[in-house]
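Breakdown of the fold
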Amino acid sequence: MPRSTRRRPALTHPATEDIDLFDVLHALSDPTRMTIVSVLRAEAERPCGTFPVDVAPSTLSHHFKVLRESGLIIQREEANRRISALRTVDLEHRFPGLLDSVLAAYVRGVEERAVTA
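Quantities reported herein were computed from a predicted structural model and do not represent experimental measurements.

Rules used in this analysis
Residues numbered from 1 in each chain as written. Predicted model: local features only at pLDDT ≥ 70, side-chain atom pairs only at ≥ 80, totals over all residues. Heavy atoms only, no water. Pairing = 2+ DSSP bridges. Helix = DSSP H or I, 4+ residues; strand = E, 2+ residues; numbered from the N terminus. Contact = heavy atoms within 4.5 Å. Axes fitted to C-alpha atoms, helices over the stretch in contact; angles between N-to-C directions. Core = buried A, V, L, I, M, F, W, Y, C linked by side-chain atoms within 4.5 Å. Buried < 20%, exposed > 50% of the residue type's maximum accessible area, 1.4 Å probe, protein only. Phe/Tyr/Trp six-rings, centres within 6.5 Å; stacked < 30°, edge-to-face > 60°. Lys NZ or Arg CZ within 6 Å of the ring centre and 35° of its normal. Parallel < 35°, antiparallel > 145°, perpendicular 65-115°, else oblique. Left-handed = near helix turned anticlockwise from the far one by under 90°. Nonpolar A, V, L, I, M, F, W, Y, C, P; charged D, E, K, R; others polar.

**Quick notes on the sheet that holds strand β2 (residues 73-78)**
Sheet architecture is open: 3 strands sit in the order β1-β3-β2, paired in antiparallel fashion. Edge positions in the open sheet fall to β1 (46-47) and β2, since each of these has one partner strand only. Examined bridge by bridge, β1 and strand β3 (residues 81-86) share 2 bridges and lie antiparallel to one another. Each bridged residue has a counterpart across the sheet, and for P47 the counterpart in β3 is I83. Sitting on the sheet, helix α3 (residues 57-70) is in contact with β2 and β3, with an inclination near 120° to β2.

Quick look at the structure:
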């Protein structure tokens, strides 16, 4: 059976000046999305299916959509994969220090939970 020739819809990303603080904070309020952001902070870019999260592929796609539409990540198509990268420069320009502060608080919380477990 031949493969479909239908293309995926084009990926949309907000312009830097359109990145909204409340959308960013909402996107960062989920532990799965925080894991994705933490990994991307440590690596320049990564294929979507390679993140250390335990969720269904459809759920992971939803998380990437929330991150992309909030302006936290940028994605590009490469063959049959999507590659994700953190929009560090855009976020720092729009909200100086926000990403570092939120990630530091997240890491502290993870470490505290590990100690008490």
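Moving on from the coordinates now.
**A short note on the nonpolar core**
Ranked by size, the top nonpolar core spans 24 residues in total, and within it V24 and L72 carry the most contacts. Elements with a minimum of two residues in this core: α1 (21-27), α2 (31-42), α3 and α5 (98-116). Counting residues per element, this core draws most heavily on α2, which supplies 5 residues. Not counting the four nearest positions on each side in its chain, V24 is found in contact with I19, S70, L72, L91, F95 and L98.

**Brief notes about the pairing of β3**
A large share of β3 lies buried, amounting to 5 of its 6 residues. Between the end of β2 and the start of β3, which pair antiparallel, lie 2 residues, with A79 showing a positive phi angle near 60°.

**Remarks on the packing of aromatic side chains**
Throughout the structure, instances matching the rule amount to 1 aromatic pair. In this structure, R46 packs its charged tip against the face of F51, placed 5.3 Å from the ring centre.

**Considering unusual backbone geometry**
The residue A79 is not glycine, and still its phi comes out positive at about 60°. Mapped onto the elements of the fold, A79 is located in the loop between β2 and β3.

**Overview of the side chain of S70**
As for its position among the elements, S70 is in helix α3. Apart from residues lying up to four places away in sequence, S70 is in contact with P14, I19, D23, V24 and A27.

**Here's the deal with the packing of α2 against α5**
Here α2 crosses α5 at 115°, and the two axes come no closer than 11 Å. Overall, the two elements α2 and α5 adopt an arrangement that is roughly perpendicular. As for how α2 packs across α5, the hand of that crossing is left-handed. Here α2 contributes P31, M34, T35, V37, S38 and R41 to the contact with α5, which in turn contributes L99, D100, V102, L103 and Y106. Here the residues of the contact of α2 with α5 are counted per class, giving 7 nonpolar, 2 polar and 2 charged.

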